[in-house]
Each structure stands twice: as C-alpha cells, then as structure tokens.
2 protein chains.
Amino acid sequence: MHMPATVRTPSYQYPQTAGSPAIFGATELPSVPMSFAKDAEIYGENEPAEYVYKVLSGAVRVSKVLQDGRRQIEAFYFAGDVFGMEFSPDHLSSAEAISPVSIIMVKRSTLLQHAERDAQIAKQLWQHTAQELEHARRHAMLLVKTAQERVASFLVGISARLVNGSVELPMSRQDIADYLGLTIETVSRTLTLFQKTSAIEFATSRRMIVRNKQALINLDS
Amino acid sequence: MHMPATVRTPSYQYPQTAGSPAIFGATELPSVPMSFAKDAEIYGENEPAEYVYKVLSGAVRVSKVLQDGRRQIEAFYFAGDVFGMEFSPDHLSSAEAISPVSIIMVKRSTLLQHAERDAQIAKQLWQHTAQELEHARRHAMLLVKTAQERVASFLVGISARLVNGSVELPMSRQDIADYLGLTIETVSRTLTLFQKTSAIEFATSRRMIVRNKQALINLDS
DNA sequence: CGGAATCTTGATTACCTTCAAACAGGGTGG
DNA sequence: CCACCCTGTTTGAAGGTAATCAAGATTCCG
C-alpha cells in the first residue's frame, strides 16, 4: 500500500551483497528510492503489482495469510535482493518491512516493455523467477522435516550473513516460526536446545553467535 | 535417463486439455514423440536438461529424494502439461512415468535459441516458470496444514479431472503421501474417513467417485 | 490359482501444539 | 533513578495428531 516514506537509521546494516542499484541489470531504467518504517506494509495481497523492488538495506518478509488467520512467510529478502516481481498483474502475497528498510522501485510496466525488446532483460526476468522457484521448492522440502531440521536449516541459511561469527536476526521468533511452519514455542525450545549443545549462542535474543556451523549442517540432514 | 520407448496402451486416458502438440506455442520446433512404460525414469536428478517435455497421455511425477531416503514429490503432470523445463542447465529433480506415458520432447537448446529472438516465446518461458512457482508456493502452503486439509486439497485438485463424477487416480497411495508430506497410513485413514462422511467413494482403490465436492472444499479450508 | 504388491486397519509411541505462566528488555512518566 | 508497563521470548505441563510398528485384507498379474 506504499506507505509514506519514513527514513530511519537501521540499528544494524547487512553487508550489501549486490553493489549496483540496477534491477535486472537494466541500469538505464528510472528507479525511485524509498524507505519504509519497521512493520510498514510495502504492498498487500491482491494489489496491482505496479512496482518491482530491490532492497538496499534492511530486511523484508513476503507472506500470505490463510483463511483461518495463520500466516505463512514465503521468503525473507535482504540487501541486494529483488522482490515483488510477478508475472501476474497482481501481487499474490504481501510484503512488509521487518526492520527499517530502504529500497529502490522500478515500474513493472517499464521493465516489461524493455523485456519485449531486449532478450537479455527477458532472460534475467526468467532467471529471477526460476531462482524464486528453486527457493520455493527448497522451502517446501523443509516443511516436511522435523522441527530441529527446519530450524537448523534456517540457521545455516542465515549463517551466510555472518560477520565475525555473529549475526543480528532482523526477524522475530514469530517470523521464524511462520517461515518454518512451526509455533513460536517450538522455535524457542529448539534454539535453546541448540544453545545447550553449543552449536549457537545468543548474546541478546536477536544477536546470534554460531559456534559450530557443522553441527547445524549435520542436523539439517 | 531416457529409457527405451515401450509403448503401452494406458488403461485410462485423461481428456487432452491442449490440442496442439506444440511446446510454448513454438509450432515450428522439431519435436520427438516418445513413450515410457509405467515406473520408467524420464530423467534423473542432476542430469543435463537436454529436453523439455509435454505430456500427451498418461501421468508423470516429478520428485526429489532426500539424503535420508525420503521422497518428496513436487508435482504431478497430466495430458497437456509441460515439464522438465529448467533455467539451470541441469535437472534439479527427477521425473518418472506413473502410468504408461506418451510425450513429445523438444530440445531445450533449440527453445532457448528461439527465445533469444522471439519475445513471445521468451515470455511464455517466463510464464511457465511463474506458474510453476505459484504451484510450488501453494504446495508449500499445503504442507503446513493438517492431514485432512492436505488430502482434501489434493482431492479438490484432482476433481478438476472428473468425468461423470469419477476419476481414475493414476498415482499410488504412496505417491499421494509423498506429495502431501504424510505417511501412506495417514493418507489411507483419511480417505477412509472421507468415505465414511460420504464425501467420496471408491469403486476400486484407484477409481474415486466424488459425492460431495463442497465438503472437500470446506475441509480444504 | 498363487504370489506379490498395494492398501487398509489396529495399537502404541513420539513429536509438536496448545494452554499457561514466568522472565527479560526497553521505553515512559512520576 | 526507579517503578511500571508493554512486547517479545522462554519455560513448563498436558493433550492431540500423525508416525511407527505390526498384522490383515484386497487387488493385480503371471
């Protein structure tokens, strides 16, 4: 719903994985910078997909809400990641800022027009969707595993963002639970278990130190 | 691994949803007809993705096998469906014939070359991947629901193929279980439950009559 | 008809959820 | 500066759902 831009300084900034602000390599495309406050909605389910977004800093969650109120988080996006690109004219999920977020937006229609003429851009569009597909399938594989395997797998993924052996988790335990298809209690208990086995350690509830990544990878199975 | 073609007459043939044998509307592309016996492997995980396939008759399952031997079925494909198209040069999953299957194959490289020059084909390629993505996400949503909801949802999907109120399920109970992330016993028990509540009925273990589709939709939640 | 594979049913167990309460951290106002 | 509150997280106890283990029943095919 394109909330008013409220620029806030994030408490922690992830290392930027992609230096270029260009979306899909189309450097010449006009892009609009924008900021969202924590918990602001970037777009809602079934809204027209007017823009495509690239995260510059902060973290975003993309999710759906089931009829019974359960929320399923499909993915988290961090600096350098592109999200909100749909083939369908409407967004099929909603996106919210987990932490204060700064992004750039490119008009979907413009991107589509370029894809019509530029095979390179068309291919990047396809590649992006293919990567999302691979992620969605890996995610589906996760959801049939045990709680320990799910949490371990999530932590291994997060480990990619380690700086000096620790990360600030931008998302709440509830977010993790909704991503893994577990309850917040099970996530909490499993994290406590991993601490007891010295695989990880929490400086604060959000700052995690990975002590034994291999143990997590083994659990990931 | 491109098993030798063993043409067999399927016991039951699904109505053909797409009349044209063309893949992605590229009518001029050379396609090779082929048949696979029940349980034959069409391609394996990590094999080079040399071809793209379109089902003419029969049913196909696409799956991955986890390290611990568990199998996760990602999708079933029926007459008219295209499968095996990857952005990556290798197949990320394997495909097997559930029933005797006849297909046509188009070289992936040829298709890619055409997509370079024909924006229409490039768009269809993207659209196809986007549809697969949507399916994968819906599938992921399924996997966090209860057994009854999963089975009901699966049956609702199958109901699209109803002819005179009944369908022949081409897949085994084990296939259904591996698709839904349940055990074969739970699938069997749930189907029995749905029979007791008169939502469905089984003429044979594979021929299902849908008595109350709305009940299934309600359970699907 | 006989044997093997598939499917169903039963009993028990294990894991995760639910319900409930305590704990920790951060911010505000007195 | 401390008391209080609010939110997020952790921990505990009990219960429920699906998995597991095991045995029958049915179907399919040679």
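Residues numbered from 1 in each chain as written. Chains lettered and ligands numbered in written order. Predicted model: local features only at pLDDT ≥ 70, side-chain atom pairs only at ≥ 80, totals over all residues. Heavy atoms only, no water.

**Concerning the overall build of chain A**
Rule in force here: A run of H or I in DSSP counts as a helix once it spans at least four residues, and a run of E counts as a strand once it spans at least two, with each numbered from the N terminus. Using a 1.4 Å probe on the protein chains alone, a residue whose accessible area is under 20% of its type maximum counts as buried, one over 50% counts as exposed, and one in between counts as partly exposed. Only heavy atoms matter for contacts: two residues are in contact if any of them lie within 4.5 Å across the pair.
Assigned secondary structure in chain A consists of six helices and eleven strands. Across the 221 residues in chain A, those meeting the buried criterion constitute 55%. The contacts of chain A with a sequence gap of at least 6 include a subset with a gap of at least 24, amounting to 74%.

**Points about the protein's contact with DNA strand D**
Rules: Note on definitions. A residue lies near a molecule or strand when any single heavy atom of the residue is within 4 Å of it. The term polar contact refers here to a pair of N or O atoms within 3.5 Å; inside protein, the definition further demands a hydrogen-donor-capable atom paired with an acceptor-capable atom, and it admits residues adjacent in sequence only when both atoms are side-chain atoms. Ten residues, namely Ala, Val, Leu, Ile, Met, Phe, Trp, Tyr, Cys and Pro, are considered nonpolar, four, namely Asp, Glu, Lys and Arg, are considered charged, and the remaining ones, Gly among them, are considered polar.
Neighbouring residues of DNA strand D: 16 residues in total, closest Arg 189 and Thr 192 of chain A together with Ala 147, Thr 186 and Arg 189 of chain B. Those atoms of DNA strand D that come within 4 Å of the protein belong to sugar or phosphate at a rate of 65%. At 2.6 Å, a side-chain N or O of Thr 192 of chain A approaches a phosphate oxygen of DNA strand D. Between DNA strand D and Arg 189 of chain B, the relevant distance is 2.8 Å, taken from a base oxygen to a side-chain nitrogen or oxygen of the residue. With four residues, helix H5 (residues 184-196) of chain A is the largest single contributor of residues to the surface near DNA strand D. Of the residues assigned to the surface near DNA strand D, the class counts are two nonpolar, eight polar and six charged.

**Points about helix H4 (residues 173-180) of chain B**
Residue and element names in this part refer to chain B. Buried residues dominate H4, accounting for seven of its eight residues. Those residues of H4 that fall on the buried side of the exposure criterion are Arg 173, Asp 175, Ile 176, Ala 177, Asp 178, Tyr 179 and Leu 180. Contacts made by the buried residues of H4 are with strand E4 (60-65), strand E5 (71-77), helix H2 (119-142), helix H3 (147-159), helix H5 (184-196) and strand E10 (200-202).

**A closer look at the protein's contact with DNA strand C**
In the vicinity of DNA strand C, 16 residues are found, and the nearest of them are Ala 147 and Thr 186 of chain A together with Ser 188, Arg 189 and Thr 192 of chain B. Near-protein atoms of DNA strand C (within 4 Å) split between backbone and bases, with sugar and phosphate holding 63%. Within the side chain of Arg 173 of chain B, a nitrogen or oxygen atom sits 2.9 Å from a phosphate oxygen of DNA strand C. Between a base nitrogen of DNA strand C and a side-chain N or O atom of Arg 189 of chain B, the distance comes to 2.8 Å. Those elements that place two or more of their residues in the surface near DNA strand C are H5 of chain A together with H5 of chain B. When residues of the surface near DNA strand C are assigned to their parent elements, the largest contribution, four residues, is made by H5 of chain B.

**Let's talk about the pattern of salt bridges**
Opposite charge on two side chains lets them pair, provided their charged atoms get close. Cut-off, in case you're wondering: Take a side-chain nitrogen of Lys or Arg and a carboxyl oxygen of Asp or Glu: if they are within 4 Å of each other, that pair is a salt bridge.
As enumerated under the stated definition, the model contains 28 salt bridges over all chains in all. Taken together, the shared-partner salt bridges in this structure form one network comprising Lys 38, Asp 39, Arg 61, Arg 71, Glu 96, Asp 175 and Asp 178 of chain A.

**Digging into unusual backbone geometry**
Both trends apply: most residues other than glycine have a negative phi, and most peptide bonds are in trans. All names here are of chain B. The backbone of Asn 46 sits at a positive phi, close to 70°, despite the residue not being glycine. As for its position among the elements, Asn 46 is in the loop between strand E2 (41-43) and strand E3 (51-57). According to the relative accessible area criterion, Asn 46 is exposed, its value standing at 58%. With phi around 55°, Ser 221 is a residue other than glycine that occupies positive phi space. For Ser 221, the position within the fold is in the segment after helix H6 (213-220). Overall, the relative accessible area of 29% leaves Ser 221 in the partly exposed class.

**Considering the interface of chain B and chain A**
For clarity, the threshold we go by: Buried area counts how much accessible surface, traced with a 1.4 Å probe, disappears from two parts once they are put together, with both parts' losses summed.
Across the boundary between the two partners, chain B contributes 33 residues, which contact 33 residues of chain A. Around 3,500 Å² of area is buried between chain B and chain A when both sides are counted, 69% of it from carbon and sulfur atoms. Interface area lost by chain B to chain A is led by Phe 87, Trp 126 and Arg 137 of chain B, which between them contribute 24%. Counting the contacts that link chain B with chain A gives four salt bridges. Counting the contacts that link chain B with chain A gives ten residue pairs in polar contact (both at pLDDT 80 or more).

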